Amino acid sequence: MSAGDLVVVFGGSGFIGKQVVRALGKRGYRVRIAMRRPHLGPELRVMGDVGQVQLVQANVRFPQSIDAALEDADAVVNLVSTMYEGGNQTFEALNVEAAQAIAEAAAKRGIKRVIQMSALGAGPKGSRYARSKYRGERAVLEAVPTATIMRPSVVFGPEDTFFNRFAQMATTLPVMPLISGKTKFQPIFVGDVADAIVAAIETREAQGRIYELGGPRTYTFKQLLQFITTEISRPRTLVPLPTVIAHPMGLLASVAFKLLPWDPPITGDQVTMLRRDNVVGIDANAHTIQDLGVTSLESIEAIVPAYLWRFRPYGQFQTKQNPA
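Residues numbered from 1 in each chain as written. Predicted model: local features only at pLDDT ≥ 70, side-chain atom pairs only at ≥ 80, totals over all residues. Heavy atoms only, no water.

A.B. asks: Would you explain the overall build of the protein in this entry?
C.D. replies: Broken down by element type, the protein carries eleven helices and 14 strands. Along the longest, intermediate and shortest principal axes, the C-alpha atoms of the protein span 60 × 40 × 40 Å. Counting all 324 residues of the protein, 53% fall into the buried class. Summarising the internal contacts of the protein: among those between residues at least 6 apart in sequence, 78% fall at separations of at least 24. By element, 53% of the accessible surface of the protein is carried by carbon and sulfur atoms, the whole surface being about 15,200 Å². For the protein, the distance from the average position of its 36 positive side-chain charges to the average position of its 28 negative side-chain charges is 6 Å. (Helix = DSSP H or I, 4+ residues; strand = E, 2+ residues; numbered from the N terminus. Buried < 20%, exposed > 50% of the residue type's maximum accessible area, 1.4 Å probe, protein only. Contact = heavy atoms within 4.5 Å. Areas by Shrake-Rupley, 256 points an atom, 1.4 Å probe, with all protein chains shown as cover. Lys, Arg positive; Asp, Glu negative; His and termini not counted. Charge placed at Lys NZ, Arg CZ, Asp CG, Glu CD.)

Below is the structure:
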């Protein structure tokens, strides 16, 4: 791969996708973003030089549109995914079938560099989400054996759905429910994930490998909630909530929120996910982000405060209060 080559990104308008497009643009690649509603993404065009970023209409449910988006492509990045099911947006449809359709289309065009975004903890057992991600991986590797699988831990950045979600909860709840407080996470900055994807495209040795992506430190779920509430100056009592209670509550929330235009605060499947550590080293055969040459990793302490200030009682004008 070299500057001027064409990389097609599915899911390029999302949280991670925008960073991937920006990183590819900086390296001189031409980028084609395949999206359902390209007319809603004009801001994506300015993530590169004039004409460097192209938007095309494509729907992962229609193989013909996938194939058209891959015309003349040198590499493909699939970031299409969902953590919340609703309507046609199911784990099977997006995490498995879409991944398979994109990989099969790439194989027919002879494209060997395919990057598939998965998730840390993907496997044949566990939550429905983790199992769907694993099946998606298998389908991609079956179609394109040279594909590279990326398994990040919790990804953080200004538009993330982890730190922002729990900070929002802390602004409305007098106490914070603590589910599986000892479960470990290894949050990784979205910019580092994007750099890893670009490195995988450029590294021949990355073909056919699985990479687990984690940040510089590990934290328990309890430590992360304490970090969030301290950072937004909203001290909250963390009340342990047993999974036997949290799981049915999550199931009820996921059903109820299917009728609403918002994502549920937590689902039963996510409660299942919280029972297992989400750190690098789960798969002994997997490689790490350092193996891709991405070694200067950002920490949550360096990045997260820059966007959580809006959840403080007086916003950016309030100095963070250190706990006694």
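That was the structure; now back to the text.
A.B. asks: Hey, could you run me through the packing of aromatic side chains in this one?
C.D. replies: To describe a pair of aromatic rings, you give the distance between the ring centres and the angle between the ring planes. What the rule picks out here adds up to ten aromatic pairs. Both rings, one in Phe166 and one in Phe221, keep their centres 5.5 Å apart while their planes meet at 70°; by these two values the pair is edge-to-face. Separated by 55 residues along the polypeptide, Phe166 in helix H5 (residues 163–172) and Phe221 in helix H7 (residues 221–231) bring together distant segments of the chain. The exposure class of Phe221 is buried, given its relative accessible area of 2%. Every member of this aromatic cluster is reached through a ring pair, and the members are Phe156, Phe162, Phe163, Phe166, Phe185, Phe189, Phe221 and Phe227. (Phe/Tyr/Trp six-rings, centres within 6.5 Å; stacked < 30°, edge-to-face > 60°.)

In short, the description is geometric, and any link to function would need to be established separately.
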